[in-house]
Amino acid sequence: MALLKVKFNQKKRVKLAQGLWLMNWLSVFAGILVFSMGLFLKIELRKRSEVMDNSESHFVPNSLILMGILSCAFNGFAGKICYDSLDPAKFAKWKPLLKPYLALCCVFNTLIFFVALMCFLMRGSLDSTLAQGLKNGMKFYRDTDTPGRCFMKKTIDMLQIEFKCCGNNGYKDWFEIQWISNRYLDFSSKEVKDRIKSNVDGRYLVDGVPFSCCNPSSPRPCIQYQVTNNSAHYSYDYQTEELNLWRRGCREALLNYYSNMMSSMGAVILLVWLFEMSVMVGLRLLHTSLESIANPEDPECESEGWVLENSLKDTFKSALENLKKLGKFNQVDAGGEGAEGEEGGKTPAITTVS
């Protein structure tokens with residue numbers, strides 16, 4: 001029994017073709033939207049490329065850009081087919097291409113679905129690339145005189161100000177690295193010497209943070225240095241008092257920002273996928289309803305359209321049988337070639353007559 005079998009007369013076929021023509025052009029605009037989202041996400045990721053460890057995060061935006069371009073091409077082509085289907089003479093030239101085209105549509109819609117899933121599942125890989133990238137970026141914060149790294153201080157400061165965050169996982173991350181450049185240290189000072197000697201790696205570590213970690217909404221002047229020294233500040237206890245530094249780490253802030261963005265994009269792409277699936281089903285109904293017209297010379301006669309000629313179970317069984325036949329055919333060919341080789345290897349007997 002055919003799946004989703006529908007009877008059509010000429011009026012219904014015309015309405016279906018016109019409706020599909022409109023839906024295909026709406027899908028073209030949806031493809032432009034998907035392309036624009038991919039381009040926007042790629043630009044946003046490139047803005048923070050200095051604090052990302054690898055380029056794996058660009059897989060999703062690149063996929064969105066590709067899917068957007070393919071959507072415009074596929075749906076523009078389908079719109080032309082639907083428009084020509086109103087004229088039997090014009091539609092005749094498209095008949096041989098419809099089955100391969102519908103097969104490509106199935107592949108395309110499967111890819112769209114997987115790209116939508118990737119938008120929801122990319123949080124894990126993005127977390128690791130941000131964690132390592134921010135860690136490396138903070139190490140280079142002090143290298144304002146090193147070519148290729150001199151921009152890192154500005155990048156980190158602008159990041160912390162824009163996203164209201166501090167450090168990788170929190171403000172204490174700055175206590176573990178030397179973020180003050182040596183050119184601004186007085187090496188004749190006993191305090192500086194003692195701090196460098198007390199560290200195994202010879203780094204100048206302080207319990208302080210860059211100015212960009214300060215929360216301007218706090219009523220108290222920013223305690224940027226000696227954060228853990230209660231005696232250095234009046235009426236201060238860093239363990240109980242709410243510090244006037246951003247508490248949230250930049251990894252968490254960026255991860256939430258990109259995850260929310262990609263989740264929204266994933267939801268939009270799922271809607272586009274559902275719309276594309278409905279267009280593909282409609283095109284299949286139009287295709288079968290036009291092919292099943294009993295008398296092509298009488299376009300007003302009734303016909304039947306369906307999505308699958310048999311039920312899902314029968315279609316699946318038929319596909320498996322075809323695959324098995326294909327496998328057996330390849331085996332027979334291989335056996336035949338071997339037999340021919342053996343025959344070719346035999347030396348024919350020569351009989352001499354005396």
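Residues numbered from 1 in each chain as written. Predicted model: local features only at pLDDT ≥ 70, side-chain atom pairs only at ≥ 80, totals over all residues. Heavy atoms only, no water.

In this structure, what is going on with the UniProt feature "transmembrane region" (unreviewed entry) in the protein? I would like to understand it.
Those residues carrying the UniProt feature "transmembrane region" (unreviewed entry) are residues 20-41, 101-122 and 255-275 in this numbering. The span residues 20-41 shows a helical share of 100% and a strand share of 0%, and its end C-alpha atoms are spaced 31 Å apart. Split by type, residues 255-275 is 100% helix and 0% strand. Its first and last C-alpha atoms lie 30 Å apart. (UniProt positions renumbered as here; feature names shortened; annotations may be inferred. Helix = DSSP H or I, 4+ residues; strand = E, 2+ residues; numbered from the N terminus.)

Explain the confidence of the model for the protein here, please?
Atomic detail in the predicted coordinates should be set aside for any region of low pLDDT. The share of residues in the protein with pLDDT of 70 or more is 81%, and the mean pLDDT across the chain is 82. Below a pLDDT of 50 lies the segment residues 345-354, which in the model reaches 0 contacts outside its immediate sequence neighbourhood of four places, other chains included. (pLDDT = per-residue confidence, 0-100. Contact = heavy atoms within 4.5 Å.)

Would you mind showing me how to read helix 6 (residues 152-163) here?
Note that an α-helix has 3.6 residues per turn; residues three or four places apart therefore point the same way. Helix length check: helix 6, at 12 residues, gives a terminal C-alpha distance of 16 Å against a target of 16 Å (1.5 Å per residue), a fit within 8%. Among the residues making up helix 6, those that are buried are Met152, Ile156, Asp157, Leu159, Gln160 and Phe163. Take helix 6 and look down its axis: the buried residues cluster within an arc of 160 degrees, on one side only. Relative to its buried face, helix 6 has exposed residues pointing more than 90 degrees away, namely Lys154 and Glu162. Check the buried side of helix 6 and you find it contacts helix 5 (123-139) and helix 8 (250-291). A positive backbone phi angle near 55 degrees is found at Lys164, which sits one or two residues after helix 6. (Expected span 1.5 Å × (residues − 1). Buried < 20%, exposed > 50% of the residue type's maximum accessible area, 1.4 Å probe, protein only. Arc of directions from axis to C-beta.)

It is not clear to me how the environment of Lys164 should be interpreted in this structure. Could you clarify?
With respect to the secondary-structure elements, Lys164 resides in the loop between helix 6 and helix 7 (190-197). Along the primary structure Lys164 and Trp246 are separated by 82 residues, whereas in three dimensions their C-alpha atoms are 6.1 Å apart. Those residues in contact with Lys164, other than ones at most four positions away along the chain, are Leu159, Trp246 and Arg248.

Just checking my understanding: could you explain the environment of Gly305 for this structure?
Locating Gly305 in the fold gives a position in strand 2 (residues 303-305). A residue is classified by how much of its surface remains accessible, and Gly305, at 0% relative accessible area, is buried. Between the C-alpha atom of Gly305 and that of Phe8, which follows or precedes it by 297 residues, the distance is 7.1 Å.

Just checking my understanding: could you explain the nonpolar core for this structure?
A general trend in soluble globular proteins is that nonpolar side chains are found buried together. Ranked by internal contacts, the top residues of the largest apolar core, which has 58 residues, are Leu41, Leu64, Tyr171, Trp174, Val209, Tyr258 and Met262. When contributions to this core are tallied by element, the ones reaching two or more residues are helix 1 (10-47), helix 2 (59-84), helix 4 (95-121), helix 5, helix 6, helix 7 and helix 8. For this core, the element with the highest residue contribution is helix 8, accounting for 11 residues. The contact partners of Leu64, leaving out residues within four places of it in the chain, are Val34, Phe35, Met37, Gly38, Leu41, Val115, Met265 and Ile269. By size, the runner-up hydrophobic cluster in this structure holds 22 residues, among which are Leu16, Ala17, Trp94 and Met280. (Core = buried A, V, L, I, M, F, W, Y, C linked by side-chain atoms within 4.5 Å.)

Before we go on, may I ask you to explain the state of the cysteines in this structure?
Structurally, a disulfide amounts to a covalent bond that connects the sulfur atoms of two cysteines. This model, assessed by the stated rule, comprises 3 disulfides. Between Cys214 and Cys222 runs a disulfide, and the two sulfur atoms are separated by 1.8 Å. Disulfide Cys214-Cys222: torsion about the S-S bond near -70 degrees, hence left-handed. According to the relative accessible area criterion, Cys222 is partly exposed, its value standing at 34%. For the protein, numbering the cysteines in disulfides from first to last along the sequence yields the connectivity 1-6, 2-3, 4-5. (Disulfide = S-S within 2.5 Å.)

How should the packing of helix 5 against helix 8 be read in this particular structure?
How two helices pack is summed up by the angle between their axes together with the distance between the axes. Following both chains from N to C, one finds helix 5 and helix 8 inclined at 150 degrees, their axes separated by 10 Å at the closest point. At the point where helix 5 passes helix 8, the crossing takes the right-handed sense. Taken together, the residues of helix 8 that come into contact with helix 5 (itself represented by Arg123, Leu126, Asp127, Leu130, Ala131 and Leu134) are Cys250, Arg251, Leu254, Leu255, Asn256, Tyr258, Ser259 and Met262. Among the residues making up the contact of helix 5 with helix 8, the classes are represented as 9 nonpolar, 2 polar and 3 charged. (Axes fitted to C-alpha atoms, helices over the stretch in contact; angles between N-to-C directions. Left-handed = near helix turned anticlockwise from the far one by under 90°. Nonpolar A, V, L, I, M, F, W, Y, C, P; charged D, E, K, R; others polar.)

Mind showing me how you'd approach the pattern of salt bridges here?
Any two side chains of opposite charge can pair, given that their charged atoms come close. Taken as a whole, this structure holds 8 salt bridges when the rule is applied. In this structure, Arg195 and Glu191 form a salt bridge, with 3.8 Å as the shortest nitrogen-oxygen distance. Within this pair, Arg195 and its partner Glu191 are both found in helix 7, separated by 4 residues, close to a single helical turn. A relative accessible area of 28% places Arg195 in the partly exposed class. (Salt bridge = Lys/Arg side-chain N within 4 Å of Asp/Glu carboxyl O.)

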